[in-house]
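Summary of structural features
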Amino acid sequence: MLSDSVKTLQQKLFRGAEDTNGSDIQQTDSRDPGLTIQIPKAELVAPLVPKPPPKTSKAISGDLEPEEYGSIKSYKQRLSEALGVDYHGVEKYRLLQDENRERHWKRWGPYLSDRQWATVREDYSDNGDAWSHFPHEHSRSRAYRWGEDGIGGISDSHQRLCFSLSLWNEQDPILKERLFGVTGHQGNHGEDVKEIYYYLDSTPTHSYMKFLYKYPQRSYPYEELVNENVHRDRNVGEYELLDTNVFDDDRYWDVFMEYAKDEDDPDNVYIRITSYNRGPDPATLHIIPQLWFRNTWSWPAHKPPMPSLSAATTNGDISYIKVKHPEMGGNFLCCLPSPPPMGPDGEFVGDEDAVVKPDLLFTENNTNFRRLYGGTNQSVYVKDAFHDHIIPSHRPQRERSDSQGTDGSSTPLPAASTPIRDAPLGELSFVSPEKCGTKSAAHYIFRDVPGRGGCAVVRLKLTPLSPNRHRSLEDESAFDDVVEERRQEANEFYNSLLFGPISDDLKQVMRQALGGMLWTKQFYYFVQKEWIEGDPAQPPPPPGRQHIRNKHWRHMHIEDILSMPDKWEYPFFAAWDTAFHCIPLAVVDPVFAKKQLDILTREWYMKPDGQIPAYEWNFSDVNPPVHAWATFRVFKIERKLTGREDMPFLERVFQKLLLNFTWWVNRKDSGGNNVFEGGFLGLDNIGIFNRSEPLPTGGNLRQADGTAWMAFYCLNMLNIALELAKHNTVYEDIASKFFEHFIFIADAMTYRSGEHESSLWNEEDGMYYDAIEFGPGNSVQLPVRSLVSLIPLYATLVLEPAVINRFPGFKKRMEWFIDNRPEISGRNMANMRAGGRGERRLLALASKERLVRILEKMLDEDEFFSEYGIRSLSKLHKEKPWGMQVNGDWHEVGYWPGESHSGMFGGNSNWRGPIWLAVNFLLIESLQRFYQYYGDELQVECPTGSGDYMNLVEVAEEIQHRIIHIFGRDVEGKRATNGGNVKLDQDPHFRDYVSFYEFFHGDTGRGLGASHQTGWTGLVAYHILQSGVSCRLPKTPRTPRSLVNHYFDETIDSQSEHGGDAQSLYSAISALELYTLGDISPDAL
């Protein structure tokens, strides 16, 4: 039995309102006002009361009573008293400290990849087949060259020292130390992770983080997942882990990992691993946290000074690992003894005074050449030693010869001047008996953990301070108090972002989205010269390898923490994804968001000719030019949050984007007539042909979206130039230049070939289309109703009269151009002569008439308008696919609302019907800008045929709400993204967790593609912040809104449309308090 004092202290540990699954989403204060709209609600299920992590019976010393312990003021209270009116929250204070370099709060973070194997960086093959050259089967035995991976892991910002989780259920043939998935060759829809895990929470400084991994108790079905997916074709769905039987009867573990940093010391990291047995019967679990160095010594000609890990013990008999590294000084990983497993009734299993002590294991982070290739190892102890030590069946057999990898790889062995002799198998010790090496683990075994909620907990602390000086190592309640205090500070931070009453469910979705984005940071290391030439200590790569990919990017040298689209499926940066990541990231950490945008334009990324690298599979691919838009958007979000204008950032990026704009003009406008090709432009299979390759028809593809993207680029550069001109009049001339360039690009939507003209606008259909130009006067439109037809709406900018009057030179040149070049300025675009609401001027490709005609199709639920947003292809093409015969082959585009039926671009993404949040986001902002100009004067039917008319900002909000409905619970408690999976929707240990997929089914909203792409799918958090207050439950009637002015308060130096310096009603609520986000629409920013 636990003593009353210990129980009291345990109850104290989780002060917040946790959900039944251990999630840390704080519930709304009962004093908060509820939603004013009466909506039906799903029946609520009474939450289970979670048990706090068990402690050893000696956790609290007798001379410290609970009352005395509880009287200590929290760091939040002490900081608030010290700062007074300047206090805006603990986490915001830490962000300021980090920015000012007073504390390096971001030194430690979730910078491990989820997958380093089978990446382009690790590919040294002669054919560029990264999937086969470094398969999952090699990952446990083969040292990585360019980075490390793990489950829920962390590292320092240079990834010298790494920490992550490994597990064993006494059934698997290998330790579970990294996430498994099928490769691009094995998956019927491309690569796909086959694990269940969730990024639950993170603060921007990573002072608190939480991660959940669901580990089956049955043997993991590696072969079943591969075989079933290999034999499926593209017309059926993927075979997922939940389709197997491993989760039957709930025979799995919920393994929660929490990280918390000391209140004022970012280098002290508390780690708590809490595992719950969800199955019906007692089960045994091995928890094996690992600490290791990235291998930096196997590649240079001269071996650098070696880091080391070694075992030691404190005066209090606590085991720890001593860390020595020549570049980072000393550290210690303290591995506390754990209490025995605890049952769901709060009773210990066996003797409550017994403890589970870890066995410290050591080896070297070196390749096991003997196992993989039958070669000679460079060290006696190798990377996969813990598998051999813990799992008898994994150990090598005398009669077995593993001379080759499962992929038939023939990777050469490294040259070793003095090879170390392998010990005979019979005498082999798999781990170092000297308890030292470059890779280590703490092996905890919890036997017979009771079912239905039995719990085992491991506590560790990574610190640069002597372990003998830490009270928290002797007092588990003090340890847990640190974790709890950081969690409460995370609650404070996220609550400060909320604007008005938002439902608890949407708060949870928002927080998991933002937390997931912060978890999806990765240390990305790539030096092109070293990669393409090979390493001095290794045999040279195959001769033909240098011609496979990226040979023109010899200047590239990357060693940074970058925002990834998905750390398993896309563990590399993608330029246009990054731009969208930075919008929600700017809400929580503007400094990090700015750095992401800035760094892609630096000389070690951007080519000398101005091209921005796309992604590692082909840096020379062309993504849509969204960098300028994101740069100005982040600049304005930070200004809204803090009142600070970071002009050096804006000017520095703008200067580099001038080079990039010139690259676009010189390289992607082959005819010099302002009609841009661009290639696939991130939309993969949207066209009838592969737009990155020469057309099988011959001729040139005139892309409506390529030209519209450049018009969009022009307007954003114009907008930035006007902002910079407030501080430097030189930029006024540059703004005029971009104004004129926009006019010429807009005019090119009707393009000329000699004396002939052809248009990308189809008057009969009221849509923009791509066209193939075969020669002067000979072109044909491709009448496919897709995003290509909608992207011209992006090119929209409203000029405020205050801005125009502030720059008389710009105003004069603009009016001269309108008056003297009417044949250009009066065609293919909105009427720039007419003043709109508040005498604003509109720069846009689409005139009012064309806008209305496009919206008629876009808002038609039988075409683009889904219950969950705007489809990428009109549903019209379900019954009426469009195609053409070319050289005996039939090429066709049809409506595929789910996964791709084509192998184009790997087949793992689909732009022929599904919903993508990034492009929807730009459409929403475009409608908001159009409203700035037209106001309530322009009303459109939404949905088409409904008889319900809305102004354009109401239309924008309706699209936002439909996107939010992908993730939010409906009246039956279901989430559309779960695709009707009963376990995900109803199980109390699944239902509160959300997966953020890459794209979504055009009809049902089911999540598709990469399952942890909180990259641009994290934009849903921004939608919730902007319009979650008025969002109804999915599948309930829409409530008309009358108050929309809150979208349109002006920027810092201009007046509100409401007169003078007055603010709208919603802005008055926020009282313009700094550090309160409030209204974040385009005009308010």
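In what follows, the structure referred to is the one given above.
Conventions and cut-offs
- Residues numbered from 1 in each chain as written.
- Predicted model: local features only at pLDDT ≥ 70, side-chain atom pairs only at ≥ 80, totals over all residues.
- Heavy atoms only, no water.
- Helix = DSSP H or I, 4+ residues; strand = E, 2+ residues; numbered from the N terminus.
- Buried < 20%, exposed > 50% of the residue type's maximum accessible area, 1.4 Å probe, protein only.
- Contact = heavy atoms within 4.5 Å.
- Areas by Shrake-Rupley, 256 points an atom, 1.4 Å probe, with all protein chains shown as cover.
- Pairing = 2+ DSSP bridges.
- Axes fitted to C-alpha atoms, helices over the stretch in contact; angles between N-to-C directions.
- Core = buried A, V, L, I, M, F, W, Y, C linked by side-chain atoms within 4.5 Å.
- Polar contact = N/O pair within 3.5 Å; in protein donor to acceptor, adjacent residues only side chain to side chain.
- Parallel < 35°, antiparallel > 145°, perpendicular 65-115°, else oblique.
- Left-handed = near helix turned anticlockwise from the far one by under 90°.

Focus on the overall build of the protein
Within the protein, the regular secondary structure consists of 30 helices and 38 strands. For the protein, the residues scored as buried account for 64% of the 1085 residues in total. For the protein, restricting intrachain contacts to residue pairs at least 6 apart in sequence, the fraction spanning at least 24 positions comes to 74%. Accessible surface, the protein: about 37800 Å² in total, of which carbon and sulfur atoms supply 49%.

Examining the sheet that holds strand 28 (residues 778-782)
The sheet built from three strands is open, its strands ordered 22-27-28 with antiparallel pairing. In this open sheet, the two edge strands, each paired with only one partner strand, are strand 22 (700-702) and strand 28. Taken over all neighbouring pairs, the strand axes of this sheet differ in orientation by 25° on average, direction set aside. The pairing of strand 27 (residues 770-775) with strand 28 spans five bridges and is antiparallel. When the bridges of strand 28 are listed, glutamate 773 appears paired with serine 779.

Re the sheet that holds strand 9 (residues 252-262)
In spatial order, the strands read 7-8-9-10-19-15-14-13-17; together these nine strands make up an open sheet with antiparallel pairing. Of all the strands in the sheet, just strand 7 (197-202) and strand 17 (436-437) have a single pairing partner and so form its edges. As paired elements, strand 13 (residues 308-313) and strand 17 share two bridges and run antiparallel to each other. Looking at the pairing, serine 310 lines up with cysteine 436 of strand 17.

Quick word on the nonpolar core
Generally speaking, nonpolar side chains in soluble globular proteins are found buried as a group. Within the largest apolar cluster, 184 residues are counted, with the highest numbers of intra-cluster contacts made by Leu718, Phe742 and Met858. The residues touching leucine 718, leaving out its near neighbours within four places in the chain, are Ala735, Phe738, Phe739, Leu797, Phe810 and Leu843.

Quick notes on unusual backbone geometry
A cis amide bond links cysteine 942 with the next residue in sequence, proline 943, at an omega value of -5°. One non-glycine residue, lysine 435, lies in positive phi territory at about 60°. Residue placement: lysine 435 occurs in the loop between helix 9 (385-390) and strand 17. For lysine 435, a relative accessible area of 31% puts it in the partly exposed group.

Thoughts on the side chain of asparagine 295
Mapped onto the secondary structure, asparagine 295 falls in the loop between strand 12 (290-293) and strand 13. Given the relative accessible area of 1%, asparagine 295 is considered buried. Of the polar contacts made by the side chain of asparagine 295, one reaches the backbone nitrogen of tryptophan 297; its length is 3.1 Å. A distance of 3.3 Å separates the side chain of asparagine 295 from the side chain of asparagine 366, its partner in a polar contact. Aside from chain neighbours lying at most four places away, what touches asparagine 295 is Ala143, Tyr144, Glu148, Asn365 and Asn366.

Some remarks on the packing of helix 19 (residues 730-747) against helix 22 (residues 808-820)
One can describe the packing of helix 19 onto helix 22 by two numbers: an axis separation of 9 Å at closest approach and a directional angle of 20°. Regarding the angle of helix 19 to helix 22, the classification is roughly parallel. Helix 19 and helix 22 meet at a crossing whose hand is right-handed. Between helix 19 and helix 22, the contacting residues are Glu732, Asp733, Ala735, Ser736, Phe739, Glu740, Ile743 and Phe744 on the first element and Pro808, Gly809, Phe810, Arg813, Met814 and Phe817 on the second.

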